[in-house]
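# Inside the fold
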Amino acid sequence: MDLSKICIVLCRPEESRNIGAVCRAMANSGITRLRIVGRRQDYDDEKVRILAIHAAYIWEQASFFDTITAATADCSFAAGTTRRAGKKRKDKLLLPEELAQHTAAVPGGAIVFGNERTGLTDEELNECTLGVTIPSSPTFASLNLSHAVQIICYTLYRKSTLRSPGYTPVSLSRIDETVTSVTDNLKKIGFFSVTGRPEMEQFWRAVFSRAALSEGECQYIEKIFTKAAGLAGKAAAKTEYICPE
């Protein structure tokens, strides 16, 4: 596992001191890429540095984005942290150890943490390709933001000696291109009715992300669906031509 390719994404954090504590938690495990959904000017630089101590360089190098999708576009997967599963919140949630195994096999991923008070909303979690949960007591299940980051980063660090695959999985933005190609061709053959495409796109995005596709595999999938749509179009035209009056 290459820890330098792992991103920690904080979505709409409220407290500047929590960001500093997150920086320190990341540095403890050798993870340095911090991305924040929000604006740098909304946070108190001095308060961040007080809690970050010698890990302030992570804050200094942090990148800022408008959405989770933008923050994870160059990543091979985006794992959203949550303690609640459900139809709208990922049916299956990975444990930290399972996430570490996935990250070892699929380098270049992002782990996304929600707001301190509310966590990730349903819509924000849907921007992620998989879900991860940290088991805790049902009587007091909520974890401090930096503690949650510490647990995930430590678990990844413990797995950091595992070998990575012999190729580099494509980014989520590249996967989105393949998803668009697939659904465009499905639309050509009449697969969708009035609705259904957004759900199908979300399904393919999650599947392709977990599969850790290479560039060649993306191109091959695109060719398959393009050819299938073309053959379906020819078959439909031929049927209309030979249909007796």
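This section reports on the structure supplied with the text.

Calculation criteria
Residues numbered from 1 in each chain as written. Predicted model: local features only at pLDDT ≥ 70, side-chain atom pairs only at ≥ 80, totals over all residues. Heavy atoms only, no water. Axes fitted to C-alpha atoms, helices over the stretch in contact; angles between N-to-C directions. Helix = DSSP H or I, 4+ residues; strand = E, 2+ residues; numbered from the N terminus. Parallel < 35°, antiparallel > 145°, perpendicular 65-115°, else oblique. Left-handed = near helix turned anticlockwise from the far one by under 90°. Contact = heavy atoms within 4.5 Å. Nonpolar A, V, L, I, M, F, W, Y, C, P; charged D, E, K, R; others polar. Expected span 1.5 Å × (residues − 1). Buried < 20%, exposed > 50% of the residue type's maximum accessible area, 1.4 Å probe, protein only. Core = buried A, V, L, I, M, F, W, Y, C linked by side-chain atoms within 4.5 Å. Salt bridge = Lys/Arg side-chain N within 4 Å of Asp/Glu carboxyl O.

We now examine the packing of helix H8 (residues 172–188) against helix H9 (residues 197–211). Between H8 and H9, whose axes approach to 9 Å, the crossing angle comes to 135 degrees. In terms of axis orientation, H8 runs oblique to H9. The two elements H8 and H9 meet at a crossing, and its hand is right-handed. Residues Leu172, Ile175, Asp176, Thr178, Val179, Thr180, Val182, Thr183, Asp184, Leu186 and Lys187 of H8 touch H9, and the partners they reach there are Arg197, Met200, Glu201, Trp204, Arg205, Phe208 and Ser209. Across the contact of H8 with H9, the residue classes break down as eight nonpolar, four polar and six charged.

Taking 1.5 Å per residue, 14 residues should reach 20 Å; helix H7 (residues 145–158) reaches 20 Å between its end C-alpha atoms and fits that length. Taken as a whole, H7 has its buried residues at Leu145, Ser146, Ala148, Val149, Ile152, Cys153, Thr155 and Leu156. Among the structural elements, strand E1 (7–11), helix H1 (16–28), helix H5 (96–105), strand E6 (110–113) and strand E7 (130–132) are those in contact with the buried residues of H7.

Tracing the sequence through the fold places Phe77 in the loop between helix H4 (68–71) and strand E4 (78–81). For Phe77, a relative accessible area of 0% translates into the label buried. Sequence separation of Phe77 and Phe208 is 131 residues, and the distance between their C-alpha atoms is 9.3 Å. Residues within four places of Phe77 in sequence aside, it is in contact with Leu99, His102, Thr103, Val106, Gly108, Gly109, Ala110, Thr129, Leu130, Leu172 and Ser209.

The next subject is the nonpolar core. It is characteristic of soluble globular proteins that their nonpolar side chains tend to be buried jointly. In terms of nonpolar packing, the biggest core is built from 40 residues, with Ile8, Leu10, Ile19, Met26, Leu34, Phe113 and Val149 touching the most fellow members. Counting residues per element, this core draws most heavily on H7, which supplies six residues. In terms of nonpolar packing, the next biggest core, distinct from the first, is built from 26 residues, Cys7, Ala71, Ala78 and Cys128 among them.

Looking now at the pattern of salt bridges. Counted under the stated rule, the structure contains 14 salt bridges. Of the charged contacts, one joins Glu124 and Arg12 as a salt bridge, the two residues approaching to 2.5 Å between their closest N and O atoms. Taken together, the residues span a long stretch of sequence, with Glu124 in helix H6 (residues 122–126) and Arg12 in the loop between E1 and H1 at a distance of 112 residues. Judged by relative accessible area, Arg12 falls into the partly exposed class, the value being 30%. We note a salt bridge from Glu201 to Arg197, for which the minimum N-O separation is 3.0 Å. In this pair, Glu201 and Arg197 both sit in helix H9, four residues apart, roughly one turn of the helix.

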